[in-house]
Amino acid sequence: MSHHIASVLAHHQHRPQQLLQILIDIQQHDTCITPQAQAEVAQGLNKSLAEVQGVVSFYSLLNPTPREYDIRFSHNIIDLMQGKAALMENLLERLQVTLGTVRSDGRVFIDNTSCIGMSDQAPAALVNGYTVTRLTPSRIAQMASLIENQVPLSDWPAEWFQVALNIQRKDLLLDTPFAPGQALRHLLQEGIDSGLDALQGCAIRGCGGAGFPLDRKWRLCQETPAKAHYVVCNADEGEPGTFKDRVLLQAYPDLVFEGMTLCAKIIGAQQGFVYLRGEYRYMLDSLQQCLQRRRDLGLLGDHILGDEDFSFDIDIHLGAGAYVCGAEVALIESLQGHRGVPRKRPPPFPVTQGYLGQPTVVNNVETFALSAQALNVGQQRFTDLGTAASRGTKLLSISGDCARPGVYEFPYGVSVREVMDACEADDVQFLQNAGPAGLCLRPDEFERGLCCEDVNTTGSLMVFNASRPLFDVTHNFAEFFVHESCGFCTPCRVGTRLLQQMLEKISQGHATQQDIDKMLQLSQLMKSSSHCGLGMTASNHITDSLEKFPALYQSQLHDTDITHPSFDLENATSEARALSQP
Amino acid sequence: MNNTLCIDSQDISFESGQSIMQAACAAGVFIPHLCFHPDISPHGSCRLCMVQVDGRLLPACTTPAMAGQKIENNTDSLNAQRRLVTQMLFVEGDHICPGCEKTGNCQLQAVAYFLGLLEPGLPQMYPTRNIDASHADVLLDFNRCILCELCVRASREMDGKNVFAIGGRGQHAHIVINATSGRLKDSALSIEDRAVDVCPVGALMKKHQAYQKPIGQRFYDQNPIDQKGDANSHQRGEKT
Ligand SMILES: Cc1cc2nc3c(=O)[nH]c(=O)nc-3n(C[C@H](O)[C@H](O)[C@H](O)COP(=O)(O)O)c2cc1C
Ligand code: SF4
Ligand code: SF4
């Protein structure tokens, strides 16, 4: 066994649930996980080789073949709108690389990857796992020569790797001063019960999509007897166009870790995890440093703030390119070192049976940050903001056709119009709310409010002006779901592909009304019969855009007569006819 | 306690711990399925067995039977959805029924007949996948695999061998064989394994048995699947 692999295995104490972390460590060192390495890991963890191969091939950022430079262009529609396609072509051309294959000399690999969370500074890419933002033709030219001259990444221009915060509006969460330990001291003084009551009074809702009340989740977990309880922070942030968790982790990590520690005290957990998407590796070191600072301050580790009954620490687990791992059941599979397939459909929910079968609180990054700030500012100030059912504020990730993309903190209930004015968007055709799985908003809906009573949001708003073809957007979303379906269940695995093909047919002008009807049937089936939330929402953008922009679809159709077949004989036989012409 | 539930206005009794599917099978009520097998832990991936349970659409194989449930199963709208799921499986792989040696014994084909499926209805995907014919007694044609994972589960749970796993993601998901070469001949698979019997389609098959039973006398040739049940759980070892 190679010395390096042996030491990685030892570092992870040969624990089987560390499989994914072990593979990531090996790849970071060797640029890949060779078949030989996979066999050694399988042996070292007493797992079957097939299982290890199954894990390596599930995560799109893991690869079995060596390379010196691994470049993945973020393929969100926002990157495309900022010129991503031409930039990638340019680099492929300069380096003589075929997309998705390692160059014959084994040195360079270039591919697409799903949105890497940089839509406010697109186009962006990952180079050997590290984020490069604001790509331009001159950066691409320079990059090509750095690569051909074998300049190590550490000697590349440092400013390429800078990730701007782009915080455009602050409110209660981002603007209230916070000293590490402040909320924890408050909780330890007042006691767990009154802490929980205070959180209940603030009526914090989960920010990851479902909007589940935080105090209820924590209480449920606390009340479930078990040999261990766990706290998990969901920092997978895989929804295209979303980047507010990135900003929180980069600029406010203490708030997030403090929220996790509060939760640990309340539910009685000793171990916490941050599941950090692999695309955010660039901030791993600074997060580790923050954790260490907190240990030094007595805010993590044994006997936190002198409390004999309170020991808790946090590990950071990396993901490796899989949107589905943001879904909490898949996230827990992934934390345990498995393929990110949401095998067990709840109930039971992770809150009673999660990590290693024990009760586990999974909350979004922003939710944890809110919990710490809520105890800090108190119920009165917190609930003064927002609406009756959505208290406090929400972070919005705004990108696309606007002058000021970035993160905006607004009280819940703010109108879409106010948000569009703030980011200086004009000539808006539509917005996509809550990512490809969400719904679009036309200008005639801009008086609506962002809150759970009206327009529910994860905080992602992508802006499209009148010059953007709708089908470019829907096709990009359809590609995203094809790439991210885990493949477990039939409706999603096959349906995502069929929908993508049909959209392509429509945008090429070859489709008929029958294709539209078939798309609607497939969409309906995927919504009702998919195994998890990914498949259930993967056709939203299609049914929604069909409903809101029917004329656009109709004008693309080759034939709108419902009695005509979707098969175009003329077109299908044209090649053969051309060949048979004398 | 009264352990009775109702499927399409027929009352059936069940034992605690049974799923809706197990209860239905025991009572002789047919709920179409492909990834379920009575001796293997349930999976819930093919989505053919979706039933309406008190108004909610749920997979019968992973939903516990509970007293008083009102379940819709053999309805037009559910069967229309099942036809679409079955069509998806057909177009995703290469299912050349008339030329396939499994014809007449295949559960995918039998379910399609039961549902009245007469045409693919969706564009074919024409996958290019491999065949593993390296093993002396067993053949694996990946082109016909429907990813039900019955072989994966049977090898793990019944044979204690873990010969199979799933690799890849989404459209690239596929069976992985546990061997350094990745080939069946170098795996621990033997023709005695239950894993070899459970494949519902013509993907994992015994060699040297093709056409021993002529077409016309095969498992589903005389009677449909709702009467005959599953070929893969019927009289193990019988030459089909
Ligand atoms: C396909 C899919 C992807 C998801 N991705 C994320 C994610 O990246 N981050 C997140 O916090 N929640 C995500 N969720 C929601 C989580 O399942 C879960 O509801 C959430 O983490 C709970 O935290 P909250 O109560 O604080 O919102 C996703 C759900 C689905 C179905
Ligand atoms: S819905 Fe999609 S992502 Fe979810 S289990 Fe099914 S195939 Fe996997
Ligand atoms: S080989 Fe057969 S049993 Fe195994 S997953 Fe494929 S279809 Fe199912």
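Residues numbered from 1 in each chain as written. Chains lettered and ligands numbered in written order. Predicted model: local features only at pLDDT ≥ 70, side-chain atom pairs only at ≥ 80, totals over all residues.

1. Quick word on the overall build of chain B
Formally: Put simply, DSSP marks the helices as runs of H or I at least four residues long and the strands as runs of E at least two long, and each gets a number from the N terminus on. When we talk radius of gyration, it's over C-alpha atoms, and the globule rule is simply 2.2 Å times the number of residues to the 0.38. Exposure in this text rests on C-beta crowding, where 20 or more other C-beta atoms within 10 Å of a residue's own make it buried, 12 or fewer make it exposed, and counts in between make it partly exposed. The C-beta atoms are placed from the backbone. We call two residues in contact when their backbone-placed C-beta atoms lie within 7 Å.
From N to C terminus, chain B includes six helices and 10 strands. The C-alpha atoms of chain B give a radius of gyration of 18 Å, which matches the 18 Å a tight globule of 240 residues would have. With respect to the three principal axes, the spread of C-alpha positions in chain B is 55 × 40 × 35 Å. By the burial criterion, 47% of the 240 residues in chain B qualify as buried. Put simply, 64% of the contacts in chain B that link residues at least 6 apart link residues at least 24 apart.

2. Remarks on the domain arrangement of chain B
Residues and elements named next belong to chain B. Worth spelling out the cut-off: Segmentation of the chain into domains, including their bounds, is taken from an automatic or database domain assignment. Throughout this entry, Asp, Glu, Lys and Arg are counted as charged residues, while Ala, Val, Leu, Ile, Met, Phe, Trp, Tyr, Cys and Pro are counted as nonpolar. The remaining residues, Gly among them, count as polar.
Here chain B is described as being made up of domain 1 (4-74) and domain 2 (87-222). Once you take the C-alpha centre of each, domain 1 and domain 2 turn out to be 25 Å apart. Each residue belonging to the side of domain 1 that touches domain 2 can be placed in one class, and the counts come to six nonpolar, four polar and one charged.

3. Re the domain arrangement of chain A
You can read the domains of chain A as domain 1 (3-58), domain 2 (69-161), domain 3 (167-383), domain 4 (393-468) and domain 5 (471-556). Computed from C-alpha atoms alone, the centre-to-centre distance between domain 1 of chain A and domain 4 of chain A is 43 Å.

4. A closer look at the pairing of strand β9 (residues 174-177) of chain B
Residue and element names in this part refer to chain B. What counts here: Following DSSP output, two strands are said to pair if at least two bridges run between them.
The sheet contact formed by strand β8 (residues 164-167) and β9 spans four bridges and is antiparallel. Paired with F164 across the two strands is I177, which belongs to β9. A loop of six residues connects β8 with β9, the two strands running antiparallel in sequence, and G168 in this loop sits at a positive phi of about 75°.

5. Let's talk about the site of ligand 3
Operational definition: To decide whether a residue is near a molecule or strand, its C-beta atom is placed from the backbone and checked for lying within 6 Å of it.
For ligand 3, the set of nearby residues contains 13 residues, the closest of which are C145, C148, C151, C199 and A203 of chain B. Per-class residue counts for the shell around ligand 3 are 12 nonpolar, no polar and one charged.

6. A short note on the pairing of strand β11 (residues 406-411) of chain A
All names here are of chain A. In terms of burial, β11 is largely enclosed, as five of its six residues are buried. Summarising the sheet, strand β5 (residues 167-169) and β11 pair through two bridges and their orientation is parallel. Counterpart to R169 in the pairing with β11 is Y408. One ladder, built from six bridges, connects strand β10 (residues 393-400) with β11; its direction is antiparallel. Across the sheet, residue K394 finds its bridge partner in β11, namely F410. Linking two consecutive strands that pair antiparallel, namely β10 and β11, is a turn of five residues.

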